[in-house]
Amino acid sequence: MGTRKLVSAILALFLTVVGTTASAQGTREITGKITQVGGAPLVDANVSVLGQALGARSNGEGEYRLRVPQGEVTILVRAIGYKRQTTRVGASQSTADFSLEKDVLQLEGVTVTGQATTMDKRNASTAVALVNTDELNRVPARSIENQLSGKVLGARIFENNGAPGGGAQIQIRGATSILGQGDPLYVIDGVIVSNATIPNGLNSISRAGGGIGGGQDNAVNRLADLNPSDIESIEVLKSAAASAIYGSRATNGVVVITTKRGRSGAPSWSVVQRIGTAALARKIGFRKFADISELVPADDPLTSGNESITWVGNAAAIPVAQALCNPTCTNYDYEQQLYGRTDPTWETLLSTRGGAGNTRYFASVSDKQEAGIMLNTGARRTAGRFNLDQTIGTKLNLSGGLGVTRNFLQRGISNNNNAGISPTYDLGYIPHVIDLRKRADGTYPVNPFYAGGSSVSNPFANSYEIVNDEEVWRQTGNFRAAYEIFSRAQHNINISYNGGVDRYQQEGLAYSPPFLQFEPNDGQSGTASLASSQVFQFNQSVNAVWTWTPALAWIGNLTTSFGGTSEEQTQRTYRTLARGLLPTLPVTQGGNVTAVEDNRQTVRDQSLYLNEQALFLDEKLSVAAGLRADRSSVNGDREKYYIFPKYSASYRFTEPTWATQYTDEIKIRAAWGQSGNRPRFGDRDLLYNNGGLIGGLGSLVSAGTVGNPQIKPEVMTETEIGLDLSFLSQRLNFEITNYNRSISDLLLTYPLPPSSGLVQKIINGGELSVKGWEFGITAVPLQRGEFTWTSRVNFQANKQMVENIPVPSFAVPGSFGSTYGRNRIVSGQRSTWVWANAPLGVAGAVRDTIVGDANPSHQTQFSNDLSWKSWTVTTLLDWRNGGTVSNMTMNLWDEGGNSRDYNRASGTPGVSVSDERYAAFSSGDSRVYMQPGTYLKLREVTLSWQAPSDFTNKFLRGAKDLRLSLSGRNLFVKTDYWSYDPEFNNFGNTNFNRFIDLAPFPTSRQFFFSVDIGY
Amino acid sequence: MKKGLLIGLAAATVLGTACSADRLTVPNPNTATQDAAQGAQGALQLQVTGIFRQLRGGRGAQITATARFGREGYIYTPNEGRNTSHYLIGLSGQNRLDPAGFAVGIFGGPYGNIRDIFVTQAAIAGNANLTAAQKSAASGALRTVEALELLYVISSRDTLGAVVQLQPDPQVLAPFVTRDSTYRYILNTLDAAHAELLAGGAAFPFTLHSGFAGFNTPATFAHFNRAITARAAAYYATSGGGATAWTRAAAALAAANAGFAHTTATSAANMNVGVYHVYSLSTGDAANGIDRIGNQDFLVHPSYAPNAIGTPELTGTGAQLKADNTPDNRYLSKISVLATARNAPTGLGIPTNLAMNVYPTQSSSVPIIRTEELVLLDAEIRLGLADAAGAIAALNRVRTNIGGLPATTVTAASPTADIITAILYEKRFSLLAEGHRWIDHRRYGRLNLLPLDITTGVNAHFVARVMPLPQAECLSRVGQTGALAGPGC
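Residues numbered from 1 in each chain as written. Chains lettered and ligands numbered in written order. Predicted model: local features only at pLDDT ≥ 70, side-chain atom pairs only at ≥ 80, totals over all residues.

Asks: Would you mind going over the overall build of chain B with me for this structure?
Replies: When you go through chain B residue by residue, the secondary structure sums to 16 helices and seven strands. Dimensions of chain B, computed from the C-alpha atoms along their principal axes, are close to 110 × 55 × 50 Å. In chain B, which comprises 489 residues, the share counted as buried stands at 58%. Summarising the internal contacts of chain B: among those between residues at least 6 apart in sequence, 72% fall at separations of at least 24. (Helix = DSSP H or I, 4+ residues; strand = E, 2+ residues; numbered from the N terminus. Buried ≥ 20, exposed ≤ 12 C-beta atoms within 10 Å, placed from the backbone. Contact = placed C-beta atoms within 7 Å.)

Asks: Help me understand the overall build of chain A, please; the structure alone is not making it clear to me.
Replies: Across its full length, chain A carries 14 helices and 48 strands. Against the compact-globule benchmark of 31 Å for 1015 residues, chain A has a radius of gyration of 30 Å, which places it among compact chains. Along the first, second and third principal axes, the C-alpha atoms of chain A reach 105 × 70 × 60 Å. With 1015 residues in all, chain A has 56% of them scored as buried. If you take every contact in chain A between residues at least 6 apart in sequence, the share linking residues at least 24 apart comes to 69%. (Rg over C-alpha atoms; globule rule 2.2 N^0.38 Å.)

Asks: Just checking my understanding: could you explain the pairing of strand S25 (residues 555-579) of chain A for this structure?
Replies: Moving residue by residue along a regular strand, the side chains alternate between the two faces of the sheet. Residue and element names in this part refer to chain A. Judged from the 22 bridges that link them, strand S24 (residues 527-548) and S25 form a sheet pairing that is antiparallel. Within the sheet, the bridge partner assigned to Ser532 lies in S25 and is Tyr574. Between the end of S24 and the start of S25, which pair antiparallel, lie six residues. The pairing of S25 with strand S26 (residues 592-616) spans 24 bridges and is antiparallel. Within S26, the residue paired with Gln571 across the bridge is Gln601. (Pairing = 2+ DSSP bridges.)

Asks: How do you make sense of the sheet that holds strand S5 (residues 335-342) of chain B when you look at a structure like this?
Replies: Pairing between the strands of a sheet comes from backbone hydrogen bonds, and it takes one of two forms, parallel or antiparallel. Residues and elements named next belong to chain B. With respect to topology, four strands assemble into an open sheet ordered S2-S4-S6-S5, the strand pairing being antiparallel. Unpaired on one side and paired on the other, strand S2 (73-75) and S5 mark the two borders of the sheet. With strand direction ignored, the average angle separating the axes of adjacent strands in the sheet is 40°. Pairing analysis gives two bridges linking strand S4 (residues 298-300) to strand S6 (residues 352-356), with the strands arranged antiparallel. Looking at S6, one finds that Val300 is bridged to Leu354. Packed onto the sheet, helix H4 (residues 59-69) meets S2 and S4 and runs at close to 120° relative to S2. (Axes fitted to C-alpha atoms, helices over the stretch in contact; angles between N-to-C directions.)

Asks: Mind showing me how you'd approach unusual backbone geometry here?
Replies: Trans peptide bonds make up most of the peptide bonds, and negative phi angles are found at most residues other than glycine. Here Asn326 of chain A and Pro327 of chain A are connected by a cis peptide whose omega angle stands at 0°. Relative to the elements of secondary structure, Pro327 of chain A occurs in the loop between helix H8 (317-324) and helix H9 (334-339). Phi is positive for Asn218 of chain A, which is not a glycine, with a value near 60°. Tracing the backbone through its elements, the reader meets Asn218 of chain A in the loop between helix H4 (203-206) and strand S15 (231-237). Positive phi, close to 50°, is recorded for Ile106 of chain B, a residue that is not glycine. Ile106 of chain B sits in the buried class, given 22 other C-beta atoms within 10 Å.

Asks: Help me understand the sheet that holds strand S4 (residues 63-69) of chain A, please; the structure alone is not making it clear to me.
Replies: All names here are of chain A. Ordered by their spatial adjacency, three strands build an open sheet running S4-S1-S7, and the pairing between neighbours is mixed. Two strands bound the open sheet, and with one partner strand each, they are S4 and strand S7 (98-100). Pairwise comparison of adjacent strand axes, ignoring direction, gives a mean angle of 35° for this sheet. Sheet topology places strand S1 (residues 27-36) next to S7; three bridges connect them, and they run parallel. The residue bridging Gln36 from the neighbouring strand is Leu100, located in S7.

Asks: It is not clear to me how the packing of helix H8 (residues 179-198) of chain B against helix H9 (residues 218-260) of chain B should be interpreted in this structure. Could you clarify?
Replies: Packed helices, taken two at a time, are described by their axes: the angle between them and the distance between them. All names here are of chain B. Where H8 meets H9, the closest approach of the two axes is 9 Å, and the angle between their N-to-C directions is 155°. By the criterion of interaxial angle, the relationship of H8 to H9 is roughly antiparallel. Of the two elements, H8 crosses H9, and the hand of that crossing is left-handed. Here the contact of H8 with H9 is built from residues that sort into 14 nonpolar, six polar and four charged. (Parallel < 35°, antiparallel > 145°, perpendicular 65-115°, else oblique. Left-handed = near helix turned anticlockwise from the far one by under 90°. Nonpolar A, V, L, I, M, F, W, Y, C, P; charged D, E, K, R; others polar.)

Asks: Mind showing me how you'd approach the interface of chain B and chain A here?
Replies: Accessible area lost upon the coming together of the parts is a frequently used measure of interface size. Across the contact, 98 residues belong to chain B and 94 residues belong to chain A. Looking at the side of chain B that touches chain A, the elements with two or more residues in it are helix H1 (2-18), strand S1 (32-33), helix H2 (34-39), helix H3 (43-57), helix H6 (108-125), S5 and helix H16 (471-475) of chain B. Here the side of chain B that touches chain A gets 13 residues from one element, more than from any other, and that element is H1 of chain B. Along the lines of polarity and charge, the residues of the side of chain B that touches chain A split into 45 nonpolar, 41 polar and twelve charged. As judged from the two bridges shared by strand S30 (residues 687-690) of chain A and S1 of chain B, these two strands associate in the antiparallel manner. Residue Tyr688 of chain A lies in a different strand from S1 of chain B, and its bridge partner there is Ala32 of chain B.

Asks: Whenever I open this one, the nonpolar core confuses me. Can you help?
Replies: Side chains that are nonpolar tend, in soluble globular proteins, to be buried together. Ala230, Ala232, Ala233, Ala249 and Ile423 of chain B are the most contacted members of the largest nonpolar core, which totals 134 residues. For this core, the element with the highest residue contribution is H9 of chain B, accounting for 20 residues. Excluding residues within four positions of it along the chain, Ala233 of chain B makes contact with Leu187, Ala245, Arg248, Ala249 and Ala252 of chain B. Ala116, Val193, Ile245 and Ile493 of chain A belong to the second largest nonpolar core, which has 95 residues in total. (Core = buried A, V, L, I, M, F, W, Y, C linked by C-beta atoms within 7 Å.)

Asks: Looking at this structure, I do not really get the confidence of the model for chain A. What am I missing?
Replies: Atom-level detail of predicted coordinates should not be read off regions where pLDDT is low. Residue and element names in this part refer to chain A. On average, residues of chain A score 88 in pLDDT, and 94% of them reach the 70 mark or higher. The model gives residues 1-24 a pLDDT under 50, and that stretch makes 34 contacts with residues more than four places away or in other chains. Confidence over residues 299-310 falls short of pLDDT 50; this stretch has 32 contacts with residues more than four positions distant or in other chains. (pLDDT = per-residue confidence, 0-100.)

Asks: Would you take a moment to explain the packing of helix H12 (residues 371-384) of chain B against helix H14 (residues 416-430) of chain B for this structure?
Replies: Residues and elements named next belong to chain B. Axis separation between H12 and H14 bottoms out at 10 Å; the angle between their running directions is 170°. Considering the angle they form, H12 stands roughly antiparallel to H14. Seen from H12, the contacting residues are Glu372, Leu376, Ala379, Glu380 and Leu383; seen from H14, they are Thr416, Ile419, Ile420, Ile423, Glu426, Lys427 and Ser430. Along the lines of polarity and charge, the residues of the contact of H12 with H14 split into six nonpolar, two polar and four charged.

Asks: Can you help me understand helix H13 (residues 913-922) of chain A in this one?
Replies: An α-helix turns once per 3.6 residues; consequently, residues spaced three or four apart project the same way. Every buried residue of H13 of chain A is accounted for by Ser914, Arg917, Tyr918, Ala919, Phe921 and Ser922 of chain A. Elements in contact with the buried residues of H13 of chain A: helix H12 (888-895) of chain A.

Asks: Honestly, helix H13 (residues 388-401) of chain B in this entry has me stumped. Any pointers?
Replies: Residues and elements named next belong to chain B. With 14 residues, H13 ought to run about 20 Å at 1.5 Å a step, and its terminal C-alpha atoms sit 20 Å apart, in line with that. All of the buried residues in H13 are Ala391, Ile392, Ala394, Leu395, Asn396, Arg397, Val398 and Arg399. Contact partners of the buried residues in H13: H12 and H14. (Expected span 1.5 Å × (residues − 1).)

Asks: What should I look at first to understand the pairing of S15 of chain A in this one?
Replies: Residues and elements named next belong to chain A. The buried count for S15 comes to six of seven residues, which makes it a mostly enclosed element. Where strand S10 (residues 129-132) and S15 come together, four bridges link them in antiparallel fashion. When the bridges of S15 are listed, Asn132 appears paired with Ser233. Inspection of the sheet shows S15 paired to strand S16 (residues 254-259) by six bridges, in the antiparallel sense. Within the sheet, the bridge partner assigned to Glu235 lies in S16 and is Val256.

Asks: Can you walk me through the environment of Ala317 of chain A in this structure?
Replies: The topology assignment puts Ala317 of chain A in helix H8. Remark: the alpha-carbon pair of Ala317 of chain A and Val296 of chain A, spanning 21 residues in sequence, is separated by 9.5 Å.

Asks: Would you explain the environment of Leu185 of chain A in this entry?
Replies: All names here are of chain A. Structurally, Leu185 can be placed in strand S13 (residues 185-188). Note on Leu185: 21 C-beta atoms within 10 Å, which makes it buried. Expressed as a C-alpha distance, the spacing of Leu185 and Val826, which sit 641 residues apart in the sequence, is 28 Å. Leu185 has contacts with Ile192, Tyr246, Arg249, Ala250 and Val254, leaving out every residue within four places of it along the chain.

Written as structure tokens, this is what we have:
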């Protein structure tokens, strides 16, 4: 059946039904003024008749004018950051004034329940995670994920490493997929945006893996392009019942981002100038050599053949070492020299918002220049945004937004490599006795400490001379038209169209000049690669929403919505790689072009949905149900709709008889829902690969992975129950949520026996589960006079299991072998266990066995805000308890004989702790490097001062507002972890195996001083 | 109301258009689907080239793995100790290799190619445009490659046996058969392929790459087939096949002579006649990868130095230097002496100042089989058939003409073991880095004579007898019994 006909028929039927039940009535006008407690007018507060969608907004003086039906009505006033207020207005009354209280604990707000519907947070039947602009923007960060860190109950947020520009992962309620998409879906003002991580081509120089670009390139995920200051609020849809509205792309949760919009009233301007710096937070430290006897052992290393130090095998290095250590060695702090940069970071933000008549606007421009702590690294993001809301007549609302961003990143070199260029990697091997810094004449000393010059290089030369640049130009746009077809006292029907476009071009240049020490190794000096990606995403939806507010005591209102969506995502990536370059030329032309990659993918999805939400019994009972049907070009059966249902309900006990004097409100909620995760592009195809050339002839070879024409989406079923408690006039609130999710029809690769000649086949099957708890406490422990202390505690813990899999157990792809630890998917075991080599029993056979759990026993955050008069101090502490990390950085440093504890004696005479670790590792016991990742981080701290208005008036003529703040990120980290940061991951954003620490860009402390001026 | 309805219908129309199911038909532009590829013009050529391309793909790893096991050389990658430890040390103290480690190659690759050979053979059988002779020729060539791939598998797994017949459904396990059955399957396949080639008319229905120059018609490819048969039969003879296998090897070698002329070859040019893998630096092609320039970590065992001490093969076979006291010509041409020695990472091995120069450039071809090997196979086969004098004559032909050395001191009256030593000495230099020494030492029960660089401690070396099955193979056979269980890990 034609979808077009189906939609039209439903719409026509719907309009007919509603049309016949509604009856026309007259209207009247109510006016009034809205102020905050204390008297200042509240601009842009929303005034509406309770239960109706549309309302009016207060102007610059806080005044409003609202058209209401005849008879007694209940008026609701809401404003962001303030507690709501309702008042009954008698039939003859024509004015009503309101005075709103500040909402310090953020109990207010609305939650997204559909493509075109929302619900008050207090009525929500699922757990709600909302972060508003103030909370988000307390302390600047490299990218938005870091600013969310510790603020979203149920989300684990990891920074991939310390390189400038971003790169972080958000994982909501555990890993839900092994091979499928692991990132949440990001929706900004209705635009589904790309958060792809597209490698740039550093791999062609580092040779960490195959291909021109690779997963170890330390590329950023593209959320890095977002200017956090433009954001009004972020809502994270966690449970399947909440995210089911996004169908087969929603198992990892949905992050709904709303940018700032105009407010009626005179234009206001905001100027923020920040200056900051960053400093290496922790050093690994290094082994100090006293004299030549430590550097070159007395026995001739060339004949003993059993030396544990790599570089002494190089006979040529011995005389150099002897010259350097005569009579004593000078030890150089390479970490300080490479990562000790403290250049300033600048950020300028300018924004304006206002509105007159039926037009409201918000515009912003920003420029942020971040200096990396490593030599020759940095990031610069320049962005502009314009949002416009226009009401035409009384029924048509148009809104749109445009954003343009340029993001330029120089992230330097980090992570794994096989070419001897990743600095942290190299420092593990080079004895720190030679000054390798750039000389005054621009040349670099040759690093002598390896034989033959193969894969040996000077990390300073590499840092200065290797280019790893990435530039992105990005445009996003959204358009929304909402039309009120029908509005009466009891019925309101809106239809809306929502369209969004996100496109960007990412260009990556990697260049290693021919003169670098390691370059001649393959006989072709110089490496250059060019990577160019075009990403285009388009989504649109058509929605109809009918709100029925019957004049019945027990029914508040019923909202029915239905509609459809259509989405398209296209990514085209071209890369070329050349080796053997002409001198000084960084372009691929002129060299031997040894590889060309051209990959194009288009995915299209379509869906239909029907949602119902209702409030009963004086808004105490809230019930919601919905269905979404999805089909996609990546499914085996492209025409088949997959159905994702949801049901949820909550009840608020507002006057509990047994504890009236202590409890304000008890809400119980329960939700059940399903969401999906569609297959990857190409999973449905049985493929032949390009086999490349031989003797000038082209070839086709079977792909090792066999596609599956029956492939379908993974399905997550989640039950969530929760309890929200409020005490002491809402000064103490508890949120308790238990969730139980099960993901079935997993996208898996059935490992075929190698003797079959194929590697794997893609199938659906098996089941993962995540069971977890989330506790939140928000409190105002002290509020006396002008002093307020607000406190928040978030606690989250979960257990992630592989319930069953229809395939033999396997190691999750995208990691190293059993020597280095990785997650394995084994029926009946936790999916987060870390498996690695370890001997069974004393001196037993080495087996690949469980050596830890990457999942921490819990992650808990404490945030505290203290305000006194015009001073505010906020802090955010993040405590992760446990979670195994594979410390491969330490492994490198031990292998190189350069660990800081190299000279510390172990229990065995003559053997240092470093040697002992490495010997254990070499004999097949990897446990020595599987270390707990417990930390306590002071993620954020700010001290800000809001200047009194007379001060502002005196020093800044015309300014209304002046705030000065000092803030810091990661100022304090307490951990026993040996290398830089247990949060980092060599492979960036990954579903599993997110614990491989291998020569990362080190972590830094960041400091900022900000001046915010409002006009 | 009316206006609203209109807007609603307009919106529905927009969405309806966007929701047409046709829009969900998105082709995959990156790789051909199998159905599309099978029917395409030129598909046969592409598929056949893919088979030779895959045959080449495994050769470098076959050479570097066997070179390390057979102590021809090392891969001393500075930052990757596993390129040394996983071959020379294995699981520390256990004298065995790690099934999850590096040294599990020469398995998935050959079977992958055999899978493609089966797929292509089915396509050939159903191709109405080919004549019976063309089909016969094509099948003969592909089955020769199949047998060669299996020979690589069984010569690395030996007594573990192998899978010889693939199942159409890759999820269905195929049984393991014994070494004996595998060799018989290989030899029978080669014989059947030979018959098909002889019935293959004048030309193949596809072009073979330039490495097959001189062997690129069904009749001349048959010589290549016989040469491989001679090698396989000689392997079989020393792996349980006995005298019948030697006879079979002799017959095959005799038939190969028409293409290789090994019975009369004396010059280096004669000795280099053969079938090769070709490489280039062109985009899309592969470089040699084990050449002196592209892989500078590929080094030669110090025991290859002239008059190195303690190498059993150096005793009793005659002078190791030429009459003018300079080293063997093969040493001079195939090995570069480095100014500074290179060592293994982190005490995993001993230093060496010899670098592999068998393949000097990134475009150097790698032999699949060439005349010099056939001459030495001739020596082996003659000795196997009790013609010691003939064996010594053959080895001397290589030794004096190619090595430039005086004739061996071994005589027909010497003990057989000494004559084998003399043959292995010539193979050691003549076929350096061509994937033989480890296999030969195992075939003649001499793995214990290979030098161990480190004999004590956690890094003590050992000589692997066979390569383990890859862990994935064992895991997929867990819970199976009998032939389906396989030899395990």
